[in-house]
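Observations on chain architecture
The primary structure of each chain is shown beneath.
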Amino acid sequence: MNTIDFRSDTVSHPTAEMRAAMAAAAVGDDVYGDDPTVNELQALAAEMLGKEAAIFVPSGTMANISSIVAQTQRGDEIICGANSHIFLNEQASTSVVGAVQIRTVPENEDGTLPLDQVEASIRKLGNPHFPVTRMICIENTHNYMGGTPLTPEFTADVGELAKRHNLKLHVDGARLFNAAVALDVDVKDLVASADSVYFCLSKGLSAPVGSMVCGSKDFVAQVLRVRKMMGGGMRQAGILAAAGIVSLKKMVAGLATDHANAQRLVDGLNAIGGIQVRDVPNQTNLVFFELDENFGVNGAQLTQHLEDNNVLTYNMYGNNFRFATHHWITAEHVDTTLKLIAEVA
Ligand SMILES: Cc1ncc(COP(=O)(O)O)c(C=O)c1O
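Residues numbered from 1 in each chain as written. Predicted model: local features only at pLDDT ≥ 70, side-chain atom pairs only at ≥ 80, totals over all residues.

Moving on, we get to the overall build of the protein. A tally of regular secondary structure across the protein gives 14 helices and 13 strands. Taken against the 2.2 N^0.38 rule, which gives 20 Å for 345 residues, the C-alpha radius of gyration of the protein at 20 Å falls within 12% of a compact globule. When its C-alpha atoms are laid out on the principal axes, the protein stretches across 60 × 55 × 35 Å. Across the 345 residues that make up the protein, the buried fraction comes to 48%. (Helix = DSSP H or I, 4+ residues; strand = E, 2+ residues; numbered from the N terminus. Rg over C-alpha atoms; globule rule 2.2 N^0.38 Å. Buried ≥ 20, exposed ≤ 12 C-beta atoms within 10 Å, placed from the backbone.)

Below, the structure is given as structure tokens:
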């Protein structure tokens with residue numbers, strides 16, 4: 001593979017150990033609940049997150065919508081960050097599939113939600129004009145706010161607010177383990193107050209497919225029903241789950257290397273100059289930056305220059321970029337890329 005692919009951590013492909021585990025996986029029909037490898041993965045995920053139960057679903061998008069549908073009723077409202085993936089990037093699935101509307105609250109710079117504004121957005125009960133607020137969603141790490149990790153303290157505060165108003169707390173933890181590693185905390189501490197949480201196996205953890213939704217036994221039983229309704233009941237899914245087990249047992253610690261490579265990229269971009277790099281305390285694996293007007297080339301031209309040299313990037317819009325580091329990006333890849341950027345600056 002000569003291509004250096006920074007487009008997303010989702011492009012990370014399975015390791016040799018994963019491929020071997022997939023080839024050797026014991027399987028059964030998971031819709032009957034008798035795939036031993038899926039069952040092992042689900043037990044492992046629940047144990048690691050400190051929840052009663054977990055369920056394997058095909059994608060992060062299905063994890064979010066099934067968690068929402070399982071805990072809301074038609075006509076409810078949920079509160080999400082204005083830059084959250086659920087609001088921006090999931091095709092209004094809450095409305096289309098869940099018949100639930102989203103009320104947005106703009107995030108703070110660090111990806112947290114201003115809790116006074118969240119509280120002010122909760123609908124008063126008893127007014128027939130209003131939908132019923134049912135849930136608060138947070139995203140950890142927060143992708144579009146810079147890959148920022150949210151602390152256990154912040155999550156506990158949101159949980160306390162949710163409890164006080166009898167609301168559910170859902171954590172979109174697509175990159176939850178990146179947050180735990182960046183903050184050096186147990187992942188359990190990041191989700192202790194969450195009613196529902198999911199994380200992706202197929203992003204920084206390098207598995208080919210899948211996400212894990214975690215919560216109480218009753219909640220997971222409900223998600224199982226929603227997953228089946230949406231066509232997400234998979235049969236010999238142990239082939240995929242086998243890779244997920246390797247993700248959880250072997251890939252978590254390596255996220256620290258991805259974060260170090262992202263920091264190396266940030267430092268190198270700052271040294272080139274003419275680039276506004278988003279400053280993120282506790283750097284994770286996402287790097288956001290914008291080229292200045294006088295940089296020398298614009299976003300499209302830089303993208304082309306990199307592509308001509310086998311480096312793929314995510315040019316979000318105009319001169320704005322997001323680079324994601326992952327298992328298959330090395331420090332040398334970062335240095336090669338920085339050299340290519342410097343030569344057109
Ligand atoms: C924060 C966040 N949530 C959810 C998702 C959706 O995951 P998937 O692509 O597996 O549907 C993504 C995907 O990038 C994400 O970044």
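Looking along the chain, the bond that leaves Asn140 and enters Thr141 is cis, with omega of 0 degrees. Even without glycine at this site, Asp184 takes up a positive phi of about 55 degrees. The class of Asp184 is exposed, set by 8 C-beta atoms lying within 10 Å.

On to the environment of Pro208. Relative to the helices and strands, Pro208 is located in the loop between strand 7 (196–200) and strand 8 (211–215). Here Pro208 falls in the partly exposed class, since 17 other C-beta atoms lie within 10 Å of it. Counting along the chain gives 197 residues from Pro208 to Val11, while the straight-line C-alpha distance between them is 8.9 Å. In contact with Pro208, not counting residues within four places along its chain, are His13, Pro14, Ser202, Leu240 and Ala243. (Contact = placed C-beta atoms within 7 Å.)

Buried residues of helix 1 (residues 16–24): Met18, Ala21 and Met22, and no others. The buried side chains of helix 1 occupy one side of the element, clustering within an arc of 100 degrees when seen end-on. Exposed residues on helix 1 whose side chains face more than 90 degrees from its buried face are Ala16, Ala23 and Ala24. Packing partners of the buried residues in helix 1 comprise helix 11 (238–251). (Arc of directions from axis to C-beta.)

A few words now on the nonpolar core. In terms of nonpolar packing, the biggest core is built from 75 residues, with Ile136, Met212 and Val213 touching the most fellow members. In terms of residue count, helix 11 provides more of this core than any other element does, eight residues in total. Every residue in contact with Val213, bar those within four places of it in the chain, is listed here: Ala54, Ile55, Val57, Ala63, Ser66, Ser67, Ser196, Tyr198, Val220 and Val223. Counting residues in each nonpolar core, the second largest holds 20 residues, with Ile275, Leu286, Phe323 and Ile341 among its members. (Core = buried A, V, L, I, M, F, W, Y, C linked by C-beta atoms within 7 Å.)

Right, let's talk about the domain arrangement of the protein for a bit. Under the domain assignment, the protein is made up of domain 1 (12–250) and domain 2 (254–344). A straight line from the C-alpha centre of domain 1 to that of domain 2 covers 28 Å. Between domain 1 and domain 2, the residue contacts involve 16 residues of the former and 15 residues of the latter. Taken together, the residues of the side of domain 1 that touches domain 2 sort by class into six nonpolar, nine polar and one charged. (Domains from an automatic or database assignment. Nonpolar A, V, L, I, M, F, W, Y, C, P; charged D, E, K, R; others polar.)

Right, let's talk about the pairing of strand 10 (residues 286–291) for a bit. Two strands pair when backbone bridges link them, and strand 9 (residues 275–277) and strand 10 are joined in this way by three bridges, in the antiparallel orientation. Looking at strand 10, one finds that Val277 is bridged to Phe289. In terms of strand pairing, strand 10 meets strand 13 (residues 320–324) through five bridges, oriented antiparallel. Counterpart to Val287 in the pairing with strand 13 is Phe323. (Pairing = 2+ DSSP bridges.)

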